[in-house]
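Each chain is listed here by its residues.
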Amino acid sequence: MFENLSERLERSFKILKGQGKITEINVAETLKDVRKALLDADVNYKIAKTFTDTVKEKALGMNVLTAIKPNELMVKIVRDELALLMGGTSVDINTKGSPAVILMSGLQGSGKTTFSGKLAKMLKSKKGKNPLLAACDVYRPAAIEQLKVLGEQIGVPVYSEIENKNPIQIAQNAIAFAKKNGHDLLIIDTAGRLAIDEQMMNEIAAIKQAIQPQEILFVVDSMTGQDAVNTAKEFNDRLDFTGVVLTKLDGDTRGGAALSIRSVVDKPIKFVGTGEKMEAIDQFHPERMADRILGMGDIVSLVEKAQEQYDEEEARRVAKKIAKNQFDFNDFMGQIQQIKKMGNLKDLAAMIPGMGKAMKDVDIKDDAFKGIEAMIQSMTPAERENPQLLNGTRKMRIANGSGTSIQEVNKLIKQFDGIRKMMRMVQRNGNKFPKLK
Amino acid sequence: MGLFSFFSKDKKETLDKGLAKTKESVFSKITRAVVGKSKVDDEVLDNLEEALLASDVGVETTLRIIERIEKRVADDKYMNTDELNGILKQEIIDLLAENNTDFLQDTNEEGKPYVIMVVGVNGVGKTTTIGKLAYQFKQAGKSVYLGAADTFRAAAVEQLCIWGERVNVPVIKQKMGADPASVAFDTISSAKANNADVVIIDTAGRLHNKVNLMHELSKIKNVMQKVIPTAPHEVLLVLDGSTGQNAFEQAKQFTKATQITALAITKLDGTAKGGVVIGISDQFKIPVKYIGLGEKMEDLQLFDKTAFVQSLLG
């Protein structure tokens, strides 16, 4: 029933295609579609209206510049406006202070606890912080337990007081604990609350008052509808938060709520959550997000992700082996593990420009490598190092051992040979390939 | 609805209070649009469109409602505010799928145990809804078994166990990371052995575009059928009342994987309007059975569409 925003815009731009210039008449239909698309993307209806009015004004103003095609011009205007709406340049998180205190806030089920874990992990590994998590959700069953489990997963201690039902006290005690134990960063998880719940809103305002945090993050589900503006405004009025976190962006929502919130409360979106794994956290980049919404792909994020997970040592070792034509199944396996570390394959593929739409109905399984891994694991160490050893009987044994067929084993060997050949070629012509940076 | 009369009065108040914000926005806008006018003109319809869009009703459904009203305006020539409100109410009620039974009545008709599988994306309130449902069954004198098949999210099993203690019903669980289908199998087996009336299976939240996770749901369902061939008797999709148009895609994908039989809309005690459910119920012909109105175990109410629309439009 619903096309995503980029598909819709693509289609509405097609209407403009072949037209000589942008006029009041031919832009009207396009703008109507843009507005519909924005509404389907859950952009607040008022903001959608303002947005299309601005786009129209700009489009008509550029009437004379007919050097480029009208549809391309429209893409540019819509894209620029979207990026502008979402807030210009990216803003980093403030971690100055001893300890720097980050207070989480938001509705029930927006993903505060999961995000607290991700943020702690990220600041620990990227900024070399020594974080402490504090469990101040004293209401939801097992909320404290949840944070503890996450803390254990990421190797970050969790401060909690099981018997204490006063989150303000717990937060204050957590600061004292952090100071005493040399933690330079404290992330305070709080209970989910509705903006109209007077008592709970007073409580979080009191927590803020008591601990004076460096950052207050408002966590919001990216699937939120029209109500996002009300909630964001209410939380902002009470807490004057410093940033927004957009969660569950690994879903297929277009995240129009992000645009709405950003323009209603004028606070930067600092992070996005993109999965259930503790690594699934990203900085928010308005331009990239606009590009992504418009189906222009997100190659920058892809490259960054690749660099992050890339083990240079390992790469150098493999390169050496390739040069000597010694690349074997062990190395192949290592490469697969590297790719897997980068996360969900479909997400990765969707970041490639132009792939977003193509990927929509393609079913890439996360266990795409499972068969290959099973086959390699069914090989003896000698076979892995010397693929030439693989004869008919050995192949049959591997097929049986991995629960695959001899055809699949043959296919794997063929693929492996192909990769090997290609790698040699790339190495020889190494300098001719464009650098990523 | 009489079966749950033990809380109906209180809960009606909660619903009214929760939906009060909704009422203000939709109704006041329409009223404002119509004030000082003797008949419905384009401006009124524009305002109505805005009001519906602002309640997450969505473009398609809004346009359909407007179209039908436009047609009636054209046919009847003259129409005042009261008439417009009446027609609007009726149009929306017509879009909501018929729902004549509740789970409790159903349990009496089917064999024992009656199996309910609860699904949805992350953070919509599946576990909380299960706690509340268990409480209702328990209050009605039914024996209930809960299955902790969310073996993925940190402390999800503990969360369900706490609900089990509160409501005083047994929770069947395995370790975190265990196969959810196996937990479901265990739960139904032991409920059956103990002649329990109802089984409710909690599942991990999953985004509907994760193909593997959706397959996992189908698998859980298939495994249930090894114990009881007709299970699950109900698949309840829990939707967050503040979700926007993405709820459509959720309904579509979950229906594809598990044949949803009923909807529950949560968090309607906030300012969210839940208007998206109108279009979903219409398109997929799935009835809304329950609405969640808070965090306490009594905060679950049977969905009454007339009352819902009444509260929505005043």
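Procedures and definitions
- What you see as residue numbers is a count from 1 along each chain, following the sequence as written.
- The order in which chains are written sets their letters, starting at A; the order in which ligands are written sets their numbers, starting at 1.
- Only residues with pLDDT of at least 70 get local features here, since the model is predicted, and only at 80 or more are side-chain atom pairs given and counted; chain-wide, interface and lining totals rely on the full set of residues.
- Values reported for side chains reflect all heavy atoms of the structure, with hydrogen atoms and water molecules removed beforehand.
- Note on conventions: DSSP H or I runs of at least 4 residues are helices, E runs of at least 2 residues are strands, and numbering of each starts at the N terminus.
- Residues are treated as being in contact if the distance between any of their heavy atoms lies within 4.5 Å.
- Salt bridges, as used here, are contacts in which a Lys or Arg side-chain nitrogen is within 4 Å of a carboxyl oxygen on Asp or Glu.
- Residues adjacent in sequence count toward polar contacts only when both atoms are side-chain atoms; beyond that, a polar contact is any pair of N or O atoms within 3.5 Å, and within protein one must be able to donate a hydrogen and the other to accept it.
- Gly counts as polar in this scheme, as do all residues outside two lists: the nonpolar Ala, Val, Leu, Ile, Met, Phe, Trp, Tyr, Cys and Pro, and the charged Asp, Glu, Lys and Arg.
- For each residue, the accessible area found with a 1.4 Å probe, counting protein chains only, is set against the maximum for its type, and the residue is called buried under 20%, exposed over 50%, and partly exposed in between.
- The handedness of a crossover follows from its direction of travel: if, with the strands pointing away from the viewer, the path from the first strand over the helix to the second runs clockwise, the crossover is right-handed.
- Here, any two strands with at least 2 DSSP bridges between them count as paired.
- A pair of Phe, Tyr and Trp rings is counted when the ring centres sit within 6.5 Å of each other, with Trp represented by its six-membered ring. The angle between the planes then sorts it: under 30 degrees is stacked, over 60 is edge-to-face, the rest tilted.
- Charge-over-ring contacts are defined here by two conditions on Lys NZ or Arg CZ: a distance within 6 Å of the ring centre and an angle within 35 degrees of the ring normal.

Chemist: Can you explain unusual backbone geometry? Please cite residues and give values.
Modeler: Here the amide bond leading from A:Ser98 into A:Pro99 is cis, since omega sits at -5°, within 30 degrees of zero. Examined against the element boundaries, A:Pro99 turns out to sit in the loop between helix H4 (70-85) and strand E1 (100-106). The linkage connecting B:Ala231 with the following residue, B:Pro232, adopts the cis geometry, with an omega of -10°. Secondary-structure assignment places B:Pro232 in the loop between helix H9 (211-227) and strand E5 (234-240). The phi angle at B:Lys285 is positive, at roughly 55°, despite the residue not being glycine. Residue position: B:Lys285 is located in the loop between helix H11 (276-284) and strand E7 (288-292).

Chemist: Pulling in residues and values, what's your account of the interface of chain B and chain A?
Modeler: A common way to report how large an interface is uses the accessible area buried once the components associate. In this complex, chain B contributes 48 residues to the contact, which on the side of chain A involves 40 residues. Summed over the shared surface of chain B and chain A, the number is two salt bridges. The partner of A:Arg35 in a salt bridge is B:Glu49, and the shortest N-O contact between them spans 3.9 Å. On the surface where chain B and chain A come into contact, there are 11 residue pairs in polar contact (both at pLDDT 80 or more). Taken together, the elements giving at least two residues each to the side of chain B that touches chain A come down to helix H1 (5-34), helix H2 (42-54), helix H3 (59-76), helix H7 (156-167), H9 and helix H10 (246-258) of chain B. Counted by class, the side of chain B that touches chain A contains 15 nonpolar, 17 polar and 16 charged residues.

Chemist: Which residues make up the pairing of strand E6 (residues 243-247) of chain A, and what values do they have?
Modeler: In regular strands, side chains alternate between the two faces of the sheet. Residues and elements named next belong to chain A. Counting buried positions along E6 yields five of five residues, so the element is predominantly enclosed. Burial along E6 is two-sided: the face carrying Gly243, Val245 and Thr247 and the face carrying Val244 and Leu246 are both buried. One crossover worth recording links strand E5 (residues 215-221) to the parallel E6 by way of helix H9 (residues 228-239), and it is right-handed. With three bridges joining them, E6 and strand E7 (residues 269-273) adopt parallel strand pairing. Within the sheet, the bridge partner assigned to leucine 246 lies in E7 and is valine 272. After leaving E6, the chain enters helix H10 (residues 256-265) and then returns to the sheet as E7, a path that is right-handed.

Chemist: Quick one: what's the story with the pattern of salt bridges, residue by residue and with numbers?
Modeler: Residues and elements named next belong to chain A. Taken as a whole, this structure holds 25 salt bridges over all chains when the rule is applied. Where lysine 267 meets aspartate 240, a salt bridge forms, and the shortest distance between an N and an O atom there is 2.6 Å. Placement of the pair is lysine 267 in the loop between H10 and E7 and aspartate 240 in the loop between H9 and E6, with a sequence separation of 27 residues. Here aspartate 266 makes a salt bridge to arginine 262, at a shortest N to O gap of 3.3 Å. Owing to a relative accessible area of 58%, aspartate 266 belongs among the exposed residues under this scheme.

Chemist: Outline the packing of aromatic side chains, listing residues and values.
Modeler: Residues and elements named next belong to chain A. In the structure shown here, the tally under the stated rule is eight aromatic pairs over all chains. Between the aromatic rings of phenylalanine 218 and phenylalanine 235, the centroid separation amounts to 5.0 Å while the plane-to-plane angle is 40°, which identifies the pairing as tilted. Of this pair, phenylalanine 218 sits in strand E5 while phenylalanine 235 sits in helix H9, placing them 17 residues apart in sequence. Each member of the pair phenylalanine 218 and phenylalanine 235 is classed as buried. Note on phenylalanine 332 and phenylalanine 416: the rings are 5.7 Å apart at their centroids and 65° apart in plane angle, and the pair reads as edge-to-face. Remark: phenylalanine 416 occurs in helix H20 (residues 406-428) and phenylalanine 332 occurs in helix H14 (residues 329-341); sequence separation between them is 84 residues. Here the aromatic residues Phe327, Phe329, Phe332 and Phe416 are joined through ring pairs into a cluster of three or more. Its end group placed over the ring of phenylalanine 241, lysine 267 keeps NZ or CZ at 5.4 Å from the ring centre.

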